[in-house]
Amino acid sequence: MTEVVHHTIEDKKVLDAPSKEWEPKIIGFLCNWCSYAGADLCGVSRYQYPTNIRAVRVMCSTRISAHLVLDLFRAGADGVILGGCHLNDCHYITGNFHTEKRFRLMKELLKDAGIEPDRLRLEWVSASEGEKFSKVVTDFTEQVRKLGPSKVKKDAAVKAKVEAADGASETFRLKALVGKEYNLEKTGNVYGNRLEKSELEKLIDLAAKDEYERSLILVLSKEKPRSVKELGKIMDLPADKVLRHIVVLRQKNMISMDHPEGLTPTYRTIEIGGEQ
Amino acid sequence: MAASDKIGAVMVVGGGIAGMQASLDLADSGYKVYLVEKQASIGGTMAQLDKTFPTNDCAMCIMAPKLVATGRHHNIDLITNAEIAIVDGDAGNFTVTVKQHSFRVDPKKCTGCGSCAQKCPVEWTNEYDEGTKMRKAIYVRYPQAVPLVYSIDPERCIGCGICAEECKAKAVEYDQKDKVLEVKVGSIILTPGFDEFNARLKTEYGYGVYQNVVTSIEFERIMSATGPYFGTILRPSDGDIPAKVAFIQCVGSRDEHCGNEYCSSVCCMYAIKEAAIAKEHTSQVNPTIFFMDMRAFGKEFDEYYNRAQNEWGIKFVRSRIAAVTENPKTKNLILKYVANGEPKEEEFNMVVLSVGLRPPVDNETLSRVMKFRLNDDGFAQTGAFSPVETSRPGIYVAGAFSAPKDIPMTVAEASGAAAKAGSVISSARNTLITKKEYPKEMSVEGQDARIGVFVCHCGVNIGGVVKVPEVMEYAKTLPNVVYAEQNLYTCSQDAQERIKEKIKEHKLNRVVVASCTPRTHEPLFQNTIREAGLNAYLFEMANIRDQCSWIHMHEPKAATKKSKDLVRMAVAKSRLLEPLQNLTMKVNQSALVVGGGVAGMTAALEIAKQGYKVHLVEKEKELGGVAKKLYYLPSGDDPLAYVRRLDKEVTSNKNITVYTGAKIRLIDGYVGNFKTSLESGEEIEHGIVILAIGGQEYKPEGEYLYGKNKSVMTLLELKERLHKGDPLGKEYVFIQCVGSREKGHPNCSRVCCTGTMTAAIEIKKKDPKAKVYVLYRDIRTYGFREKYYKEAGNLGVTFIRFDDEVKPKVEEKGGKLEVKVMDEDTGKEIMLRPEYLVLASGTRPQPDAGTLAPMCKVPQTKEGFFLEAHMKLRPVDFATEGIYVAGLAHGPKFLDESIAQSLAAVARATTVLSKTELEAEGIVARIDEDLCDGCGICVPTCEYKALEVVAGKKDPKKKLVEVNVGLCKGCGACVGSCPAGALTQMGYRDSQITAMIDAALEGQMPAKKEVKQNEH
């Protein structure tokens, strides 16, 4: 079945507060046991930091999927920071190791989408590092401020790309690969072999690129049918590569051939299509 | 070796179309078969093709029945993913060690549902689609693969474990090991097929560098509806429709620079086919074929070529392409060539390289392990009179592994090799096969229908969309349904046991399974209910997967409703099902062979060796046929000596009765029970007929002064003179295609080009100073025969090409011959004054084919040759069962081809002769004698000649149609045609079909209400 629940927080006004002077909108996801506790300690200790951050408490940093983060960027967030326990300190033993893997994918997809990867940060903050929390937030806020407002709101092309990256993050293929990544590397696969980190990362990066590009094709061909060459131009991708993606998407019943323009066929996204 | 040492089993190596054909012929003739295939599924190259020439049939559609039959045959063991490691022993008793690679999936548990592949996160290019599509690390080669078992690609699998989690049947076994099997067989058939020439080696064409240069096999996939572009012709660089497509012929063929001097035999025809089909699929495509000689030498191939030129608008340019370059901006391709003596340049959007055939990559390993010889080109060595035998006794070969060849010849050879492989071990026939025993059938007569319904989840394939429990509950509410249940996989082994239990427990007398398609699964369930004592025809299926859940996956409510409708329809029909009996007919285990040429003698001898009686009828006073007039073979073998040897063997064989100077008056009867009377009054009873009546050389009376001037003769007449040692002339002119490839006789006679080479070489060898000119249209020395063309050229024979429209002119001036010909290459007229003019005249059918055809109820081509059941896959059969064709009676061909074909006819015939009785179909037409008024309208509708108007038994004055259930195939054509409603198709009675329709329409009423709920 397709993952039909398309969760978006685009409409929420929180992030869209009208102000004459731009202030970065930053969301922080803090794990209950370390970074949220660290933030509390920061407050208890009266360490100050800029007001831009809005924190969301989660039980473990690994709860945050790439989809959630990309959704935030789609909605116009200027920065997202994830806070977790230091490695080997996770309350859930290996949670933050998985967070690391997911974080890598988020960065990859942001890069693809044309969003500066520096708008996303992962920090390990322990329950005793109140001061560190304030420094991290201050530093990150400044970093985002320097980058300026996210291009998503103004630039339709970037918006489409982020939507595509979001779509890619939801595919079973990427979820499966990244979900299994840590175990394949550390505890070994079904054959009892541990996979080389770099090899695995290479494989995932390639898969992420594929899925992002396919997702972008679907986004772009939703409003109107487009040709391979047109898509190639928009996406800055060789036409043969686009065609290969279209072959896969047609196989999955996600895009269909539309009217040809001369000798050039066009393709349109199938709204309710998809693999079983 | 004592007869008892012989093993009644055969190993077939290679599961393409040849391997499947050989396996089926043997398994149907009483031998156990082990079919070893190196890939995970059988099907070979043919499974990749979009369409086939000259019939333009969809390749998969015509081969799928053979795939399924091979996969299901209980006397064929498939050993896929395997290779031959060691072969010990001798003909009759081999021990073969086979190494089978792990699938990492249990084939017994895998149901082929494909959930694993859907979820596998690793993508790789698909070999079946020649890299134009993607597959996963767990995959099947193609959707219709046999066996339909997924396997894990060990190179690609990252071991994430998702497939095992997905597999509801628990079939994934990551720790499955490779297996070593030891198999005892009596003979071996090699059918490993071929590899395509590696187009990268011809760097001047830019394959692998320019994206829009593809090979012909890639183009097959591009054309295919199951290929990457769903059947629209697109080019790989940008997905545009290529308006201009160039086909370059002879890539890796007839080319000493790349090491392949031979002609690949099939490329001319497949290029024409690809060009025609491309245009048919996408009308904007305009193909041009660049060729050297157009070798359309097969049966009715020239007609296909003519239509391509005149009707389908395909352009043909006679030129060898020197080089291809790319315009980097447009990715279009520029072809440089010389035509009519001038250098030319033309731009195309796409280029297809017609790549030649190479021996399979493992040819040397096979040869070393199995100890048989390869020829200089790396193909299996065979002999002029032993076309399917390797150099090692007991090991046979068929298909492209012995020489490049097309599908019909491959299939004929496969059957031929089966005949040979069987005759070695004929004393051990029926020793290793199993016959399934079933319990006595329970009578259901007079009982009310008690229907059991089994609804399948098919893992998540059905259950993920359709609410299976709801469908099951619904089934329980239907009239006569006394039991219903749901299964995770109704086709699994444990489910079969449950079905049997439930039949007993609930006294079920009808079974309905709602799952996938009856086309693949009905035989399985029929077998199960037979094991429980029910007649196989008390079974019905509802296809709620392929035709419901898979196509309505986003509309679960509507799909559930449709499933209920389908179940209701199946139950409605099931209520009216009745047990059907497969009638049996006795078989007269002897053969009639008509024609005593090489084809007829070969067939007679081979059947006799298999242990059956043969009646060989020849109209001439002595045996031998046309082969006696050949005198020379290009290989240097002596055909006359061979004919004499055959003659001796035939006349001294105790199983063969020879009738010479005999003419057939009448052949009557049907498969298993024929009765033939000769003009002499003798009567013969037999079970099968082989038509091997041969052909004859056309006598071109009145053409080119033939019959008027003694120095003008036909090719066979020349050979006779050469053989007799008549004094030689100093100058010869040969004219090709006399009586072939022209109005009235549009097709090629196949053998004349090579025959001319043989004669020309013979002349030059005897007198190197003799001048020999060959006036031709295309030189068609296909396959390894190319080397004789080359040899003739090297010996100084001059070849002059004339245009199809401008024939040479021959006159007699002052007692001397004068030949004028317009040289197509230079555009100049050439005048020759030869001593002898030799006409390479075509092959014509025997005139008595016309009297035999209606007697045997078999068709003929326009030219009068016998027309086989299917040009591609049934080259020696007729639609009428029990009658087979071989040799020149089928069409022009070489001696070795005739021999292979007559062996094929023997293998096909043996599938009948090896049985004491034949089982007819259960689904047949029946006639109500009271309603039939003998109008005979139904008779011509039957393709199988099963209907006949006869005098009524009760009242001889009344005419009546009789159905021969032995011949009836159960299509129902006659039933639909009967004006009196007297014909009934068993299993598809009007009442049964109507019951289904009624049940379907009944669903329409409440459906209207439900539609609203379904709207989302």
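Residues numbered from 1 in each chain as written. Chains lettered and ligands numbered in written order. Predicted model: local features only at pLDDT ≥ 70, side-chain atom pairs only at ≥ 80, totals over all residues. Heavy atoms only, no water.

Participant: Got a minute to help me understand the overall build of chain A in this structure?
Facilitator: Of regular secondary structure, chain A possesses nine helices and seven strands. Taken over the C-alpha trace, chain A has a radius of gyration of 20 Å; the compact-globule value for 276 residues is 19 Å, and the two agree within 12%. Considering only C-alpha atoms, chain A reaches an extent of 70 × 60 × 30 Å along its principal axes. Counting only residues that meet the buried cut, chain A has 51% of its 276 residues in that class. Put simply, 73% of the contacts in chain A that link residues at least 6 apart link residues at least 24 apart. Accessible area for chain A stands at about 13,100 Å²; split by element, carbon and sulfur atoms hold 54% of it. Placing the 44 positive and 41 negative side-chain charges of chain A at their respective mean positions leaves the two points 1 Å apart. (Helix = DSSP H or I, 4+ residues; strand = E, 2+ residues; numbered from the N terminus. Rg over C-alpha atoms; globule rule 2.2 N^0.38 Å. Buried < 20%, exposed > 50% of the residue type's maximum accessible area, 1.4 Å probe, protein only. Contact = heavy atoms within 4.5 Å. Areas by Shrake-Rupley, 256 points an atom, 1.4 Å probe, with all protein chains shown as cover. Lys, Arg positive; Asp, Glu negative; His and termini not counted. Charge placed at Lys NZ, Arg CZ, Asp CG, Glu CD.)

Participant: Mind showing me how you'd approach the environment of B:Lys500 here?
Facilitator: All names here are of chain B. With respect to the secondary-structure elements, Lys500 resides in helix 11 (residues 493-505). Considering only alpha carbons, one finds Lys500 and Ala532, 32 residues apart in sequence, at a separation of 5.3 Å. When residues no more than four places from it in sequence are discounted, the contact partners of Lys500 are Thr528, Glu531 and Ala532.

Participant: Is there a simple way to explain the pattern of salt bridges in this structure?
Facilitator: Any two side chains of opposite charge can pair if their charged atoms end up close together. What the rule picks out here adds up to 94 salt bridges over all chains. Among the ionic pairs, A:Glu108 bridges to A:Lys111, the shortest N-O distance being 3.3 Å. Separated by three residues within a single helix, A:Glu108 and A:Lys111 lie in helix 3 (residues 95-113), roughly one turn from each other. Using a relative accessible area of 17% as the deciding quantity, one classes A:Glu108 as buried. Classification of A:Lys111 as partly exposed rests on a relative accessible area of 48%. Notably, a salt bridge pairs B:Lys766 with B:Glu762, separated by 3.9 Å at the nearest N-O pair. Within this pair, B:Lys766 and its partner B:Glu762 are both found in helix 18 (residues 752-766), separated by four residues, close to a single helical turn. When its relative accessible area of 41% is taken as the criterion, B:Lys766 is described as partly exposed. Put simply, B:Arg254, B:Asp293, B:Arg295, B:Asp302, B:Arg318, B:Arg741, B:Asp778, B:Arg780 and B:Glu786 are held in one network by salt bridges that share partners. (Salt bridge = Lys/Arg side-chain N within 4 Å of Asp/Glu carboxyl O.)

Participant: Teacher, can you tell me more about the sheet that holds strand 27 (residues 510-515) of chain B here?
Facilitator: For sheets, the rule is that strands pair by backbone hydrogen bonds, running either parallel or antiparallel. Residue and element names in this part refer to chain B. The four strands are arranged 26-25-27-28 in an open sheet whose pairing can be described as parallel. Of all strands in the sheet, those with a lone pairing partner are strand 26 (481-487) and strand 28 (539-543), marking the two edges. Along the sheet, successive strands turn relative to each other by an average axial angle of 15°, direction set aside. Relative to strand 26, strand 25 (residues 451-456) runs parallel, the two being bridged by six bridges. What sits directly across from Cys456, in strand 26, is Asn487. Relative to strand 26, helix 10 (residues 468-477) is tilted by about 170°, and along the sheet it contacts strand 25 and strand 26. Helix 14 (residues 556-575) contacts strand 25, strand 26, strand 27 and strand 28 of the sheet and is inclined by roughly 165° relative to strand 28. (Pairing = 2+ DSSP bridges. Axes fitted to C-alpha atoms, helices over the stretch in contact; angles between N-to-C directions.)

Participant: Would you mind showing me how to read the nonpolar core here?
Facilitator: Across soluble globular proteins, you tend to see nonpolar side chains buried next to one another. Residues and elements named next belong to chain B. Counting residues in each nonpolar core, the largest one holds 270 residues, and the members touching the most others are Ile138, Ile189, Phe219, Leu335, Leu353, Val453 and Ile690. Residue contacts for Leu353: discarding those within four places in its chain leaves Ala199, Tyr205, Tyr207, Val213, Val214, Thr215, Ser216, Ile248 and Val251. In terms of nonpolar packing, the next biggest core, distinct from the first, is built from 27 residues, Cys752, Tyr776, Val797 and Ala840 among them. (Core = buried A, V, L, I, M, F, W, Y, C linked by side-chain atoms within 4.5 Å.)

Participant: What's the story with the packing of helix 8 (residues 228-235) of chain A against helix 9 (residues 239-251) of chain A in this structure? I'm lost.
Facilitator: When two helices pack together, their arrangement is given by the angle between the helix axes and by the axis-to-axis distance. All names here are of chain A. Interhelical geometry of helix 8 versus helix 9 gives an angle of 115° and a closest axis separation of 8 Å. The pairing of helix 8 with helix 9 is recorded here as roughly perpendicular in orientation. The chirality of how helix 8 crosses helix 9 is right-handed. Of the residues in helix 9, those touching helix 8 at Val228, Leu231 and Gly232 are Ala239, Val242, Leu243 and Ile246. Taken together, the residues of the contact of helix 8 with helix 9 sort by class into six nonpolar, one polar and no charged. (Parallel < 35°, antiparallel > 145°, perpendicular 65-115°, else oblique. Left-handed = near helix turned anticlockwise from the far one by under 90°. Nonpolar A, V, L, I, M, F, W, Y, C, P; charged D, E, K, R; others polar.)

Participant: Mind showing me how you'd approach the sheet that holds strand 40 (residues 771-776) of chain B here?
Facilitator: Residues and elements named next belong to chain B. Spatial ordering of the open sheet is given by 38-45-39-40-41, a layout of five strands whose pairing is parallel. Across the chains shown, the open sheet's two edge strands, defined by having one partner strand only, are strand 38 (712-714) and strand 41 (798-801). Looking at each pair of strands side by side, their axes are set apart by 25° on average, direction ignored. The pairing of strand 39 (residues 731-738) with strand 40 spans five bridges and is parallel. Note on strand 40: the bridge partner recorded for Glu731 is Lys771. The strands touched by helix 17 (residues 715-724) are strand 38, strand 39 and strand 45 (836-841); relative to strand 38, the strand with the most contacts, the crossing angle is about 95°.

Participant: How should the packing of aromatic side chains be read in this particular structure?
Facilitator: The description of an aromatic ring pair uses the distance of the two centres, along with the angle that the planes make with each other. This structure, assessed with the given rule, holds 26 aromatic pairs over all chains. Seen from their ring centres, B:Phe290 and B:Phe348 are 5.8 Å apart, and the 85° between their planes marks the pair as edge-to-face. A residue pair is termed long-range when its members are at least 10 positions apart, and B:Phe290 in strand 17 (residues 286-291) and B:Phe348 in strand 21 (residues 342-348) qualify at 58 residues. Assessed through its relative accessible area of 0%, B:Phe348 is described here as buried. Between B:Tyr776 and B:Phe799, the aromatic rings sit 6.3 Å apart at their centres with planes inclined by 85°, giving edge-to-face as the arrangement. With B:Tyr776 in strand 40 and B:Phe799 in strand 41, this residue pair connects regions lying 23 residues apart in the sequence. An aromatic cluster is present here, built from B:Phe53, B:Phe297, B:Phe301, B:Tyr782 and B:Phe894 joined pairwise through their rings. The lysine or arginine in question, B:Lys119, covers the ring of A:Phe172, its NZ or CZ lying 4.9 Å from the ring centre. (Phe/Tyr/Trp six-rings, centres within 6.5 Å; stacked < 30°, edge-to-face > 60°. Lys NZ or Arg CZ within 6 Å of the ring centre and 35° of its normal.)

Participant: Please explain empty space enclosed by the protein as it appears in this structure.
Facilitator: One water molecule sets the probe size; rolling that probe over the atoms shows where empty space is left. All names here are of chain B. Counting across every chain of the model gives eleven cavities of 30 Å³ or more. Space inside the largest cavity adds up to approximately 360 Å³. What lines the largest cavity is a set of 31 residues, among which Gly298, Lys299, His890, Gly891 and Pro892 lie closest to the centre. Elements represented by at least two residues in the lining of the largest cavity include exactly helix 9 (407-424) and strand 46 (843-845). At three residues, helix 9 tops the list of elements feeding residues into the lining of the largest cavity. Grouping the constituent residues of the lining of the largest cavity by class yields eleven nonpolar, twelve polar and eight charged. (1 Å grid on protein atoms, 1.4 Å probe; cavity = no way out; pocket = protein on both sides within 12 Å on 5 of 7 lines; lining within 4 Å. Points joined across faces, edges and corners; volume = space filled by probe spheres on them.)

Participant: What is the right way to read the interface of chain B and chain A from this model?
Facilitator: You'll often see interface size given as the accessible area lost when the parts meet. Listed per partner, the contact involves 41 residues of chain B and 37 residues of chain A. Taken over both partners, the interface formed by chain B and chain A buries close to 3,400 Å², and the fraction arising from carbon and sulfur atoms is 58%. In terms of surface lost to chain A, no three residues of chain B exceed B:Glu123, B:Ile158 and B:His554, which account for 17% of the buried area on that side. Applying the counting rule to chain B against chain A returns four salt bridges. Across the pair A:Lys229 and B:Asp240 runs a salt bridge, and its minimum N-O distance is 2.4 Å. Applying the counting rule to chain B against chain A returns 15 residue pairs in polar contact (both at pLDDT 80 or more). Mapped onto the side of chain B that touches chain A, the elements with two or more residues apiece are helix 3 (115-119), strand 8 (123-125) and helix 4 (162-166) of chain B. The residue inventory of the side of chain B that touches chain A, partitioned by class, reads 19 nonpolar, 14 polar and eight charged. (Buried area = accessible area lost by both parts, 1.4 Å probe. Polar contact = N/O pair within 3.5 Å; in protein donor to acceptor, adjacent residues only side chain to side chain.)

Participant: In this structure, what is going on with the confidence of the model for chain A? I would like to understand it.
Facilitator: Parts of the prediction with low pLDDT should not have their coordinates interpreted in detail. Taken over all residues, the pLDDT of chain A has a mean of 90, while the share at 70 or more is 91%. In the predicted structure, residues 1-18 of chain A sits below a pLDDT of 50 and forms 28 contacts with residues beyond four places in sequence or in another chain. (pLDDT = per-residue confidence, 0-100.)

Participant: Would you mind going over the pairing of strand 40 of chain B with me for this structure?
Facilitator: A regular strand places its side chains on the two faces of the sheet in alternate fashion. Residue and element names in this part refer to chain B. Where burial is concerned, most of strand 40 is hidden: five out of the six residues are buried. Taken together, strand 39, helix 18 and strand 40 form a β-α-β motif whose crossover is right-handed. Sheet topology note: the strand 40/strand 41 ladder contains four bridges and is parallel. Bridge pairing in strand 41 places Leu775 opposite Ile800. Crossover handedness for the path strand 40 to helix 19 (residues 786-794) to strand 41: right-handed. (Right-handed = clockwise from strand over helix to strand, strands pointing away.)

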